[in-house]
Amino acid sequence: MDEGGPVVIFADAFAWLLDPANWSGPNSIPVRVGTHLLYCLGAVLGASAVAVPLGLYVGHTGRGGLLLVGVGNALRALPTLGLVTLLYLVMSGVPAVGVLISLVVLAVPPVLAGTYAGVQGVDRGVVDAARGMGMTGAQRLWRVELPNALPLVVGGLRNAALQVVATASVAAYVGVETLGRPLLDGLRVLDYGQFVGGAVLIALLAVVVDGVLAVAGRLVVPRGLRLSAQPRRRAKPAEALEVGGSTA
């Protein structure tokens, strides 16, 4: 590539982003952003419905921690593109379901790890004091452990959301009009301006989503708990799952 190459490519990307033709119609940038976000929202909600209760149970009871680590690592190792393609073929060419299931699988490990580590990281003295006050196991979980675990739970959700936003582009391989479509189209016709423009949109979307979740986390988690959450290292199994460290 010559010296002017990068400058030309970014100029083409800027021109592609500002082209009015790309901002109207059924396959416009706003429509693709909306589709991308819809799949991401569904994936994070689906993963939370599975991973949060499981993480709370394992963290509260201490049972199945090693199994949790194994399952989490196995899910992390699954190639999302391969899973999307496999489910597309298995489900007789219904791309939406296959993509959503694949993104849920991608989002489960960080949510599960954050929830488990958050509960395990609660000061045992606080839990013992609650037990001494006569609280039942369920009361300790909902009134003591879960509120104190919120910083890491939110961190796991942010981590999952970032991974899903970055990875949902693979849905374009099976015909779903996410922000991965400009990447595929740009590569197919060697239009690097379109390719870079699509990549910029995905990066900006990830930054916006993370910012929104960061603000939501500050509203949900009391300031005292945010400060006390730096960093908790009591749960060794959770370390193997790399609990939401990059985004929390």
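One numbering rule holds for all chains: residues counted from 1, following each sequence as written. Local features in this predicted model are restricted to residues of pLDDT 70 or higher, and side-chain atom pairs are both shown and tallied only at a pLDDT of 80 or more, whereas totals for entire chains, interfaces and linings draw on every residue. With hydrogens and water excluded, all non-hydrogen atoms of the structure serve as input to the side-chain values.

K.L.:
Just checking my understanding: could you explain empty space enclosed by the protein for this structure?
P.N.:
The probe, sized like a water molecule, is rolled over the atoms to show the empty space still left. Detection works on a 1 Å grid of protein atoms alone, calling trapped sets that fit a 1.4 Å probe cavities and calling open sets with protein on both sides within 12 Å along at least five of seven lines pockets, with lining residues defined by an atom within 4 Å of a point. Grid points are joined across faces, edges and corners, and a volume is the space filled by probe spheres set on the points. Across all of its chains, the model carries one cavity of 30 Å³ or more by this definition. For the largest cavity, the calculated volume is near 40 Å³. Every residue along the wall of the largest cavity is listed here: Leu75, Leu78, Pro79, Thr80, Leu83, Ser102, Val105 and Leu106. Secondary structure is summarised from DSSP: a helix means a run of H or I of at least four residues, a strand means a run of E of at least two, and numbering begins at the N terminus for each. Mapped onto the lining of the largest cavity, the elements with two or more residues apiece are helix H4 (80–90) and helix H5 (95–120). For the lining of the largest cavity, the leading source of residues is H5, giving three residues. Lys, Arg, Asp and Glu make up the charged group, whereas Ala, Val, Leu, Ile, Met, Phe, Trp, Tyr, Cys and Pro make up the nonpolar group; the residues left over, Gly among them, are polar. Of the residues contributing to the lining of the largest cavity, the split by class is six nonpolar, two polar and no charged.

K.L.:
Please clarify how the confidence of the model for the protein chain should be interpreted in this entry.
P.N.:
Residues shown with low pLDDT carry predicted positions that ought not to be read at fine detail. In this model, the protein chain carries an average pLDDT of 84, and 88% of its residues clear a pLDDT of 70 or more. The predictor attaches a confidence to each residue, called pLDDT, with possible values from 0 through 100. No element of the protein chain has a lower mean pLDDT than helix H11 (residues 236–240), which averages 45, and none a higher one than helix H2 (residues 29–61), which averages 93. Long-range and interchain partners of residues 232–248, a stretch whose pLDDT sits below 50, account for 40 contacts in this model, where long-range means more than four residues apart. Note on contacts: a residue pair qualifies if any of its non-hydrogen atoms lie within 4.5 Å across the two residues.

K.L.:
I tried to follow the layout of surface pockets on my own but got confused; where do I start?
P.N.:
Volume-wise, the second largest pocket comes out at about 360 Å³. Among the secondary structure elements, those contributing two or more residues to the lining of the second largest pocket are H2, helix H7 (137–167) and helix H9 (192–220). Split by residue class, the lining of the second largest pocket holds 14 nonpolar, two polar and no charged.

K.L.:
Before we go on, may I ask you to explain the UniProt feature "transmembrane region" (unreviewed entry) in the protein chain in this structure?
P.N.:
Taking the UniProt record as the reference, the feature "transmembrane region" (unreviewed entry) is found at residues 36–59, 66–90, 96–119 and 195–221. The straight-line gap between the two end C-alpha atoms of residues 96–119 is 34 Å; of that span, 100% is helix and 0% is strand. UniProt positions are given in the numbering used here, feature names are shortened, and annotations may be inferred rather than shown by experiment.

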